[in-house]
Structures are given as structure tokens and as C-alpha cells.
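Given next are the chains, with one letter for each unit.
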Amino acid sequence: MRVDIRPFGQSPAGEPADLITLTNERGESVSLTNYGGHIVSVMVRDRRGNLGEVCLGQDSAEDYARRDIGYMGGTIGRYGNRISGAAFTLNGEEYALYANDGRNTLHGGQEGFNRKLWAYEVAGNSVIMRYTSPDMEEGFPGELSVEVRFTFSEDAALRIDYLARTDKETHVNLTNHAYFNLGDSPDILGHTLWVDADRVIEVDGELIPTGILMSVAGTPYDLRQPQPLGKVMQREDNAMFTAAKGFDIGYVLNGGGMRQIARLHDPDSGRVMTVSTDQPGVQCYSGQGFNCGGRAGHHYCAYAGIALETQQHPDTLHQPSFGTTLLRPGQEYKTSTIYAFTAK
Ligand code: GAL
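Bear in mind that the values here come from a model prediction, so they are computed numbers and not experimental data. (Residues numbered from 1 in each chain as written. Predicted model: local features only at pLDDT ≥ 70, side-chain atom pairs only at ≥ 80, totals over all residues. Heavy atoms only, no water.)

1. Examining the site of the ligand
Just so we agree on the cut-off: Nearness is judged by heavy atoms alone; a residue qualifies as near a molecule or strand once a single heavy atom is within 4 Å of it. Contacts described as polar in this section are N or O atom pairs within 3.5 Å, which, within protein, must combine one atom able to donate a hydrogen with one able to accept it, while residues neighboring in sequence count only if both atoms come from side chains. Note that accessible areas follow from Shrake-Rupley with a 1.4 Å probe, and for residues the cover is restricted to the protein chains shown. When residue character is reported, Ala, Val, Leu, Ile, Met, Phe, Trp, Tyr, Cys and Pro are called nonpolar, Asp, Glu, Lys and Arg charged, and the others, Gly included, polar.
Near the ligand you find Gly70, Tyr71, Arg82, Leu106, His107, His177, Tyr179, Leu207, Asp248, Gln283, Tyr285 and Glu309, and these make up its full shell. In the environment of the ligand, an oxygen atom lies 2.8 Å from a nitrogen or oxygen atom belonging to the side chain of His107. At a separation of 2.8 Å, an oxygen atom of the ligand approaches a polar side-chain atom of Glu309. If the ligand stood free it would expose 310 Å²; the protein chains cover 88% of that surface. Among the residues making up the shell around the ligand, the classes are represented as five nonpolar, four polar and three charged.

In C-alpha cells, the structure reads:
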């Protein structure tokens, strides 16, 4: 594995950021920046052996600080997805958060982990990023020490291991918001997607869970058999789906432990991305909000890429039946996700 490091501009606070690239023996690579823990680029081979970009990205830390990029590639925390009412109660104390999505909090609040400069070190084929979130940052109690290890393998698998510890009880839900497009088309409408989930999280008009886990049977988001995304998104037989203009769906994954949960396939390039995780859920968002600039003068339009954000279900801290996102002092928050690339 070859490691290259180069300057990648500055954070809004003027801190210099780096771009770190891991390249395997086959010439495939993953590039990361310690500004926001972003996945900047993933270059993998197609069925003919051609190298190509499969991850939406930007050219500099300055671009990653923009607000119009839909969290592209960022490490999301302290709490991914939505928290209803931008507040929660813990041990009798009310904690007020920043409402950055209507009345609710999305992806960590005003200045989430995707907007922080992370310390990092390279260890073999891994980049280990560290960030310490101060007590009461964005309204969350407890100093949270976070470590995210990105590992790229000789067979083109990108593994992300998350580790967090706190000094006071708090809530944690970390994920990565990379958008993938496995081919040369400007959108992912020709891709097929399989997700191993019998149920999804029912949400209201503000994308806040109602508490009901709905069966996917008979709905446009039944992906238990691989479905062509463009064709599925033309269906208008479900209010939740039509309102979102595509996928913005929290899937309740079948099974438990580390397991393969999703497979994205581009028939043109032959590239396949499988997603494995130990998490209970994945937010599947088809990039319908895109209308922004990207790397090397690219323009990203609606459906330019698809995000498969492994995580605990949205608003778990208000939905005890979903599980728990509570982290106590002395405990370790640990979760892993693997995006593995092949072509056939
Ligand atoms: C997703 C979220 C969407 C949208 C997107 C960012 O994770 O579910 O509703 O906010 O992030 O543009």
C-alpha cells in the first residue's frame, strides 16, 4: 500500500488540512481529508480493468466547508440523522440542541463532526482520525473522544471502524455520508440496489419517525430483490416515497452482527459495491437534493450519487423501541462498516 499526503486547503478557522491517499498494488485508491473526516475519492476498477471514480467529492477543505454539498463524504456526529424537537432529556436534565432542519436537529447540529479538523496518523493501510468533542458542544453533554479508522485493502474494500468514549452519559450515533456512483453516468438511475430489510422506519412530513416499523411488502422501497433505481423512483404509489422524490428511507436491517446488508450494481461498468455492517439500520438517500459543484468542475445534479448511511435508527433517543444510543462513562461505542468493490 502506498501512502501519499498533500495539502488540501484550510478549514474556515484557517487550520491547514491534508489529503491522504492510500493506493493498493492494483492502483486502486481511497483519498481522505482530516477536515471533517471526509471520504474524498474512491478509485476502483471496472469489469474491463479501467480505473474510475465511484465517490462524489470536492477539491479542497474550503469546498467541504460549503453548506450546499449535502454532507458529501463527511464523518457525521455526534448524532447522525434526525433528533425531533432539537432537544432531549437525560437523567432529568433537558438538553437543547441547534435546530438546523426545520424544528429538528440533523447530522449533529450547526457544526457537526464533518466541519471539525481531525488529528490523524497513518498506520500501515489505515488512516486513524481522532477528534475530541468538548462537553456541551452542540448542546450534547460529556466530552466525547472519537476515533475513526479508515482501512483500504488490496482487494478494494474500505473498512470504517468507529470508537468513542465519554466522561458523562451522552447519546452517540456516528456514520459516514459518502455518495456513490459506480459508473460514468451523471446519475445513479441505471444502478440496481438490494437491501436486506423486511421493514422501514415510517416517518412523518418532517422525516421524523412515527415509531411504526412498516413492512416493505408491496411498496416501491422493497429492495429484497435487486431493483433498478430509476424505474422504482417513477412509482407514485406511496406517500412517503413520493414526498421524498426518491429514497430517503431508513431501513430496518434483517439479522444482527457483522453481515452483508446491501449491494449496489452498475450494469454498464459492471462495478458492484457491497455494504456490510453491524448496525441495525441504513439510511438510503438517493441524492435528490443535489445541485452543486464538485471536483474538477463537475456539476452534481439530482440523483448524482446514492448514500448508504449505516447507523442506529433516526431519533432513537426518543424511540426506546428502536434500541438505545446512550453511551456511559466506562463503555465503548464501537461499530464497523465495510464498502467492498468488485466488478463482473
Ligand atoms: C440524509 C437525510 C436527507 C438529507 C441528506 C442531506 O442523510 O436523510 O433527508 O438531509 O442527508 O442532504
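2. Quick notes on the side chain of Thr166
Cut-off, in case you're wondering: A run of H or I in DSSP becomes a helix once it reaches four residues, and a run of E becomes a strand once it reaches two; helices and strands are each numbered from the N terminus. The buried label goes to any residue with under 20% of its type's maximum accessible area, the exposed label to any with over 50%, and the partly exposed label to all in between, with areas taken from a 1.4 Å probe on protein chains only. We call two residues in contact whenever any of their non-hydrogen atoms come within 4.5 Å of each other.
Within the secondary structure layout, Thr166 lies in strand β14 (residues 157–166). On the accessibility criterion, Thr166 (8% relative accessible area) is buried. Engagement of the side chain of Thr166 in a polar contact is seen with the backbone oxygen of Lys168, the distance being 2.6 Å. Residue contacts for Thr166: discarding those within four places in its chain leaves Gly142, Glu143, Leu144, Leu327, Arg328, Pro329 and Gly330.

3. A short note on the sheet that holds β14
Short version of the rule: Any two strands are treated as partners once DSSP identifies two or more bridges connecting them.
Taken together, the nine strands give an open sheet; going across it, the order is β11-β12-β13-β14-β30-β24-β23-β18-β21, and neighbouring strands pair in antiparallel fashion. Since the sheet does not close on itself, it has two edges, and those belong to β11 (119–123) and β21 (227–228), each with one partner. The pairing of strand β18 (residues 192–195) with β21 spans two bridges and is antiparallel. Pairing of Thr192 across the sheet is with Pro228, part of β21.

4. Things to note about the side chain of Asp187
This is how the line gets drawn: Under the convention used here, Asp and Glu are negative, Lys and Arg are positive, and both His and the chain ends fall outside the count. Salt bridges, as used here, are contacts in which a Lys or Arg side-chain nitrogen is within 4 Å of a carboxyl oxygen on Asp or Glu.
Examined against the element boundaries, Asp187 turns out to sit in the loop between β17 (179–180) and β18. We note that Asp187 is buried and unpaired, the nearest opposite charge coming from Arg271 at a distance of 14 Å. At 3.0 Å, the side chain of Asp187 forms a polar contact with the backbone nitrogen of Leu189. When residues no more than four places from it in sequence are discounted, the contact partners of Asp187 are Asn181, Ala302, Tyr303 and Ala304.

5. Comments concerning the pairing of strand β20 (residues 209–215)
Sheet topology places strand β19 (residues 197–203) next to β20; four bridges connect them, and they run antiparallel. Among the inter-strand pairings, Val203 is bridged to a residue of β20, identified as Pro209. Where β19 folds back on β20, the antiparallel hairpin that results is connected by five residues, among which Leu207 adopts a positive phi of roughly 65°.

6. Digging into the pattern of salt bridges
The final tally for this structure, using the stated rule, is 21 salt bridges. In this structure, Asp101 and Arg82 form a salt bridge, with 2.7 Å as the shortest nitrogen-oxygen distance. Of the two residues, Asp101 sits in the loop between β9 (93–96) and β10 (105–106) while Arg82 sits in strand β7 (residues 82–83), which places them 19 residues apart along the sequence. Between Glu147 and Arg130 there is a salt bridge, with its nearest N and O atoms 3.2 Å apart. Taken as a pair, Glu147 in strand β13 (residues 144–152) and Arg130 in strand β12 (residues 126–133) lie far apart in primary sequence, 17 residues in all. Glu147 gets classed as partly exposed once you look at its relative accessible area, which sits at 22%. Its relative accessible area of 35% is what places Arg130 among the partly exposed residues.

7. Side note on unusual backbone geometry
Along the chain, Gly77 connects to Arg78 via a cis peptide bond; the corresponding omega equals 0°. Tracing the chain through its elements places Arg78 in the loop between β6 (75–76) and β7. In this model, His107 sits at a positive phi of 50°, which is unusual for a non-glycine residue. Tracing the backbone shows His107 in the loop between β10 and β11. For Asp315, which is not a glycine, the phi torsion comes out positive at approximately 55°. Tracing the chain through its elements places Asp315 in the loop between β28 (306–311) and β29 (326–327). According to the relative accessible area criterion, Asp315 is buried, its value standing at 1%.

8. With respect to the nonpolar core
The cut-off we apply is this: The term nonpolar core refers to a set of buried residues drawn from Ala, Val, Leu, Ile, Met, Phe, Trp, Tyr and Cys, joined through side-chain atoms within 4.5 Å.
Counting residues in hydrophobic clusters, the biggest one holds 65 residues, and the most contacted among them are Tyr221, Phe247, Tyr251 and Phe341. Looking at this core element by element, the count peaks at five residues for β13. Apart from the residues lying within four places of it in its own chain, the contact partners of Phe341 are Val42, Val44, Val54, Asp155, Ala156, Phe180, Leu182, Val272 and Met273. Counting residues in each nonpolar core, the second largest holds 18 residues, with Leu19, Tyr179, Tyr285 and Ala304 among its members.

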